[in-house]
Amino acid sequence: MKKVININFQGQVIAIEETAYEMLKQYIERLTRFFAREEGGDEIVNDIECRIAELFGNRLKHGINCITDEDVASIITSIGQPEDFDSDYEEAASEPGAAFAESREQGSAAAPGDEVRRSLYRNSGDRILGGVCSGLAHYFRTDPVWLRMIFVLFFGFLFWVYIVLWIVLKPKVLETNVSKRLYRNPNDRFLGGVCGGIAAYFKIDSWIPRLIFLLPLLFNLIGMISFFPLNYLFDEVDFSWNINMSMVVVYIVFWIIIPEAKSVKQKLEMMGEEEYIRSIRERVSNNVATARSRGDGGEVPPAVPAYMAAGTDDSFEKVSIDEMPPHPSDAARPADHSASANRAHVAPPSERPGCLNGFILLLKIIFFSFVGILALVMVSAFVAFLFAGAQMMPLKSLFIDPGQETTLLYASLILLIGIPVVSILVWIARRVMKAKSRPMIGLISTILWIGGLVAAGILAAQVADKFREESTLERSVEMMPIDGKSLYVDMMPYQDDYSEFSIGWGMDSDIDHLPYTNVNEDSLLFRDIHLHIRNSNDSLFHVRTIAASSCRELRGAKADLEEFRFEITQQDSLLYLPEFLMVPSTQGFRKQSITVEISVPAGKTVEVSDVLNNYRNQEPPSVVRRRIRNYTRTFMTAEPPHLEDEESEAGSDVV
Amino acid sequence: MNIENTQSQMRKGVLEYCILSIIKRGEAYPGDIIDEMKSAGLQLLEGTLYPLLNRLKNAEILTYRWVESTSGPPRKYFQLTEKGEAFQALLATTWNELATGVELVTRKPKEESELNNNTI
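Because the structure is predicted, anything quoted here is derived from the model rather than measured.

Draft legend 1. Just the overall build of chain A, in detail. Helix and strand content of chain A: 24 helices and 17 strands. Per-residue burial over chain A gives 41% buried out of 655 residues. For chain A, the share of sequence-separated contacts (at least 6 apart) that also reach a separation of at least 24 residues comes to 73%. As displayed, chain A has an accessible area near 35600 Å², and 62% of this comes from carbon and sulfur atoms.

Draft legend 2. Region of interest: the overall build of chain B. From N to C terminus, chain B includes 5 helices and 2 strands. Along chain B, from the amino end to the carboxyl end, the secondary structure elements read α-α-α-β-β-α-α. The long-range share in chain B, meaning contacts at least 24 apart out of those at least 6 apart in sequence, stands at 49%. Of the accessible surface of chain B, which amounts to about 7000 Å², a share of 56% is contributed by carbon and sulfur atoms.

Draft legend 3. Examining the nonpolar core more closely. Formed by 48 residues in total, the largest nonpolar core has its most connected members in Phe 9, Ile 16, Ile 52 and Phe 56 of chain A together with Ile 23, Ile 33 and Leu 62 of chain B. In terms of residues, this core owes the most to one element, helix H1 (residues 18-35) of chain A, which gives 8 residues. Leave out the neighbours within four places in its chain, and Ile 16 of chain A touches Lys 3, Val 4, Ile 5, Ile 7, Tyr 21, Leu 24, Phe 56, Cys 66, Ile 67 and Val 72 of chain A. Leu 524, Phe 526, Ile 594 and Tyr 615 of chain A belong to the second largest nonpolar core, which has 31 residues in total.

Draft legend 4. The environment of Val 248 of chain A, seen in detail. Its place among the elements puts Val 248 of chain A in helix H12 (residues 241-257). As a C-alpha pair, Val 248 of chain A and Leu 214 of chain A span 34 residues in sequence and 9.1 Å in three-dimensional space.

Draft legend 5. Spotlight on the side chain of Asp 143 of chain A. Residue and element names in this part refer to chain A. Tracing the backbone shows Asp 143 in the loop between helix H7 (132-140) and helix H8 (144-153). Residue class for Asp 143 comes out buried when judged on its relative accessible area of 3%. Of the polar contacts made by the side chain of Asp 143, one reaches the backbone nitrogen of Leu 182; its length is 2.6 Å. Contacts of Asp 143, omitting those with residues within four sequence positions, involve Ala 137, Val 178, Lys 180, Arg 181, Leu 182 and Tyr 201.

Draft legend 6. Focus on a nonpolar patch on the surface. All names here are of chain A. Where nonpolar side chains cluster on the molecular surface, the patch consists of Trp 146, Phe 202, Ile 204, Trp 207, Ile 208, Leu 211, Ile 212, Leu 214, Leu 215 and Leu 218 and spans about 910 Å² of accessible area. Here the element with the most residues in the nonpolar patch is helix H11 (residues 207-224); it accounts for 7 residues. Here Ile 208 shows up in helix H11.

Draft legend 7. Examining helix H2 (residues 30-39) of chain B more closely. Turning to H2 of chain B, its buried residues are Pro 30, Gly 31, Ile 33, Ile 34 and Met 37 of chain B. Down the axis of H2 of chain B, the sector holding all buried residues measures 165°, keeping them to one side. Packed against the buried residues of H2 of chain B are helix H2 (41-61) of chain A together with helix H1 (3-25), helix H3 (46-58) and strand S2 (75-80) of chain B. Just beyond H2 of chain B, the residue with positive phi is Gly 41 of chain B, at close to 80°.

Draft legend 8. Spotlight on the packing of aromatic side chains. All told, the structure shown has 18 aromatic pairs over all chains when counted by the stated rule. For the pair Tyr 201 of chain A and Phe 202 of chain A, a centre-to-centre distance of 5.0 Å together with 80° between the ring planes defines the contact as edge-to-face. Ring-pair connections join several aromatic residues into one group, and the members of that group are Phe 213, Tyr 251, Phe 254 and Trp 255 of chain A. Here the guanidinium or amino end of Lys 76 of chain B rests over the ring plane of Tyr 64 of chain B, the centre of that ring lying 4.7 Å away.

Draft legend 9. Looking closely at the sheet that holds strand S15 (residues 593-600) of chain A. All names here are of chain A. Read from one edge to the other, the open sheet built from 4 strands follows the order S5-S11-S15-S10, with strand pairing classed as mixed. Only two strands of the sheet have a single partner each, and these edge strands are strand S5 (469-477) and strand S10 (529-535). Adjacent strand axes in the sheet meet at a mean angle of 20° when their direction is disregarded. In this structure, S10 lies alongside S15, joined through 7 bridges in parallel fashion. Directly across from His 532, in S15, lies its bridge partner Glu 597. The sheet contacts of helix H22 (residues 554-562) involve S5 and strand S11 (542-551), and relative to S5 the element is tilted by about 35°.

Draft legend 10. A look at the pairing of S2 of chain B. Residues and elements named next belong to chain B. Buried residues dominate S2, accounting for 5 of its 6 residues. In this structure, strand S1 (residues 62-67) lies alongside S2, joined through 6 bridges in antiparallel fashion. By the bridge assignment for S2, Trp 66 is matched with Lys 76.

Draft legend 11. Broad picture of unusual backbone geometry. Unusually for a residue other than glycine, Arg 141 of chain A sits at a positive phi of about 55°. Along the chain, Arg 141 of chain A falls in the loop between H7 and H8. In this structure Arg 141 of chain A comes out as partly exposed when scored by relative accessible area, which is 38%. At Glu 60 of chain B, a position not held by glycine, the phi torsion is positive, near 60°.

Draft legend 12. Seen up close, the packing of H2 of chain A against H3 of chain B. For the pair H2 of chain A and H3 of chain B, interaxial distance at closest approach is 9 Å and the crossing angle is 135°. Looking at the two axes, H2 of chain A sits oblique to H3 of chain B. Relative to H3 of chain B, H2 of chain A is oriented so that their crossing is right-handed. In this structure, H2 of chain A uses Glu 43, Ile 44, Asp 47, Ile 48 and Arg 51 of chain A to contact H3 of chain B, whose residues at the interface are Glu 46, Tyr 50, Pro 51, Asn 54 and Lys 57 of chain B. In the contact of H2 of chain A with H3 of chain B, the residues fall into 4 nonpolar, 1 polar and 5 charged.

Draft legend 13. Seen up close, the environment of Ile 33 of chain B. Residues and elements named next belong to chain B. Of note, Ile 33 is situated in helix H2. In sequence terms Ile 33 and Ile 22 are 11 residues apart; their C-alpha atoms lie 6.9 Å from each other. The residues touching Ile 33, leaving out its near neighbours within four places in the chain, are Ile 19, Ile 22, Ile 23, Ala 28, Leu 49 and Leu 53.

Draft legend 14. Layout of the confidence of the model for chain B. All names here are of chain B. When pLDDT is averaged along chain B, the result is 82, and 89% of the positions lie at 70 or above. Ranking the elements of chain B by mean pLDDT puts helix H5 (residues 110-119) last with 56 and helix H4 (residues 82-107) first with 89. In the model output, the complex is listed with pTM 0.36 alongside ipTM 0.79.

Draft legend 15. Summary view of the pattern of salt bridges. Residues and elements named next belong to chain A. Applying the stated criterion across every chain, the model contains 22 salt bridges over all chains. A salt bridge links Asp 71 to Arg 59, with the shortest nitrogen-to-oxygen separation between them at 3.2 Å. Here Arg 59 lies in helix H2 and Asp 71 lies in helix H3 (residues 69-79), a separation of 12 residues in the sequence. Its relative accessible area of 11% is what places Asp 71 among the buried residues. Between Lys 591 and Glu 470 there is a salt bridge, with its nearest N and O atoms 4.0 Å apart. Note that Lys 591 is positioned in the loop between strand S14 (581-584) and S15 and Glu 470 in strand S5, a separation of 121 residues in sequence. Via salt bridges that share partners, Glu 405, Asp 465, Lys 466, Arg 468 and Arg 552 belong to a single interconnected network.

Draft legend 16. Inspection of the side chain of Thr 545 of chain A at higher detail. Along the chain, Thr 545 of chain A falls in strand S11. Judged by relative accessible area, Thr 545 of chain A falls into the buried class, the value being 7%.

The rules behind the values
Residues numbered from 1 in each chain as written. Chains lettered and ligands numbered in written order. Predicted model: local features only at pLDDT ≥ 70, side-chain atom pairs only at ≥ 80, totals over all residues. Heavy atoms only, no water. Helix = DSSP H or I, 4+ residues; strand = E, 2+ residues; numbered from the N terminus. Buried < 20%, exposed > 50% of the residue type's maximum accessible area, 1.4 Å probe, protein only. Contact = heavy atoms within 4.5 Å. Areas by Shrake-Rupley, 256 points an atom, 1.4 Å probe, with all protein chains shown as cover. Core = buried A, V, L, I, M, F, W, Y, C linked by side-chain atoms within 4.5 Å. Polar contact = N/O pair within 3.5 Å; in protein donor to acceptor, adjacent residues only side chain to side chain. Patch = residues over 30% accessible without salt bridge, like charges linked within 9 Å, V, L, I, M, F, W, Y side chains within 5 Å. Salt bridge = Lys/Arg side-chain N within 4 Å of Asp/Glu carboxyl O. Arc of directions from axis to C-beta. Phe/Tyr/Trp six-rings, centres within 6.5 Å; stacked < 30°, edge-to-face > 60°. Lys NZ or Arg CZ within 6 Å of the ring centre and 35° of its normal. Pairing = 2+ DSSP bridges. Axes fitted to C-alpha atoms, helices over the stretch in contact; angles between N-to-C directions. Parallel < 35°, antiparallel > 145°, perpendicular 65-115°, else oblique. Left-handed = near helix turned anticlockwise from the far one by under 90°. Nonpolar A, V, L, I, M, F, W, Y, C, P; charged D, E, K, R; others polar. pLDDT = per-residue confidence, 0-100.

What follows is the structure in structure tokens.
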């Protein structure tokens, strides 16, 4: 009769006879002592343990209830007693080249046991560059990440220290001697898993470090939108791009110096054993639940947690890990002591990238940061467009007719601006929720966006079409005969209030031709008034108005021109021009203008008030100029009169 | 003269060559190597294999990656590095020279060798 105990051996729960366990324990102790002299001795012992665990597993699979003395004995024979391979080792050590001679030298020079581990090496098993930090961390029994951080922070003078240590120290694969380490978490990652790893290390939710990294960025975006109503709150704080960029740099540095948790062991170190087991248990039970429900109804029930559905893409990779039975904490099983102690220094050295991989990583980082900056710029451009669009809205009535064109405008605005903004938000939400992207949605939104582009194009063509034909309308103003030598021209100021079409940003001052609206908003008030003075063909003053407007077709333009209101009034020798040209607001902006042509007979002068200076200096539109030129060509051979600022001396040149 | 010692000396010389040749054909984990050696009738103490692999790895002749296993702890799958390829090739030429040499020396007919001795 023998007592059977359960041991946790290399992550496997194994039922073993107590005597067999004692035998195994002694054997492993002998192996450990034997290989202590050799470089990487722990690793060798661990390899052998793995092999034994596998052989046990095979035996147990064949229906045997527990591992017996005989099983252990046969395994030990097949592996061999340490003294049996003693002689092999001594001589083999010097064979495969100089490197081995060196290792032997180290083995014999260093005192056995703990002392070996306490000497300073470069850790070639866990390195970013030369493994100096990792080796130092091993020496001080800390997480290499902290030392790397110190070296990055004090790069200036520690650089040379690093180089010297790199040259001086010998490389050696060292096992981790800390139980908890900061890793990047591949199962909870947005970019590199840095925040996920930090969250796992401090046992907090991963959105907290993420928020900390993103906070300056968010404030910055708010700061960028200058019309944000609460902006004055942040006036005192300088959320400059520097802070922002330094956050990005910090993230990238973390990405480089923190290794990714790849193996089970590393994930254990990252989360702490209990946390990790709990997460595995959750996932396994969820997997089981999902599998069961799939079996029942053939469909995933809506009750499946979101992260489960989200994790489907990489769950296959995890299955093998998950299938390993979770083992309870070692402290509860004193019988397992030696096995677990050995297991503790099994650190499968992370397969750290070599030079090439480092370069690829660098490229990736550069690529991602470019893409990130690009995306940021795009988003802010869209936001800016959104606000600019809102600022432009008052101008809409000038260019866009109600009805079909307005519909087109809103449709194109919503599609062009709304879809990218919504899809960027959805993308971010999906990344945060880790939901799987659906290509169909992307396709549809792309098509819709192109539709918006087409709508905007059609609208632009329609608007441009309104300025295709230019038409003019001449009217002569009835003049009372003037007694004096001069005609005085003055402006009749507009009597009522009027409002401007403002487009914000103080740009309205640059756009002279934008009209004003009157109080009732039924008329547009244009300032496009030109004053043209020429010689008269007879002995009388003549005043004509030439109205100009553009439209899709000439007939429409003519109809518009009929609606112009520009009433010139005469009081003896005083001629009053209205301040504005009035046009019904239904016409919209069609480059409406009016030219007042005054013909001055020989020997008479015209005096123009200085408020009208602007009118005289402005060139009439080209159609009107063409008209005037045709007009004057017939009658004039001499140069046109030069018009001084205040008066024109006409007549003398006329033949 | 201990016969076992001599035997083990002879085996040991070719052990590395055999292991490297097995790994050269494709990634292998220690269990594979042992099975293959045993099926070829080459007696190999497993306890010898692990330190040997470890030393070859330290000499950058081998590298390995971890592969999760469904039937036990994760396994180390070994493969040759570039240096290892060269190393194995050198061993191969040495072995071929040795094999033909040994063949010639040991299989030489008795008369001929006596004849040679006589002529000298």
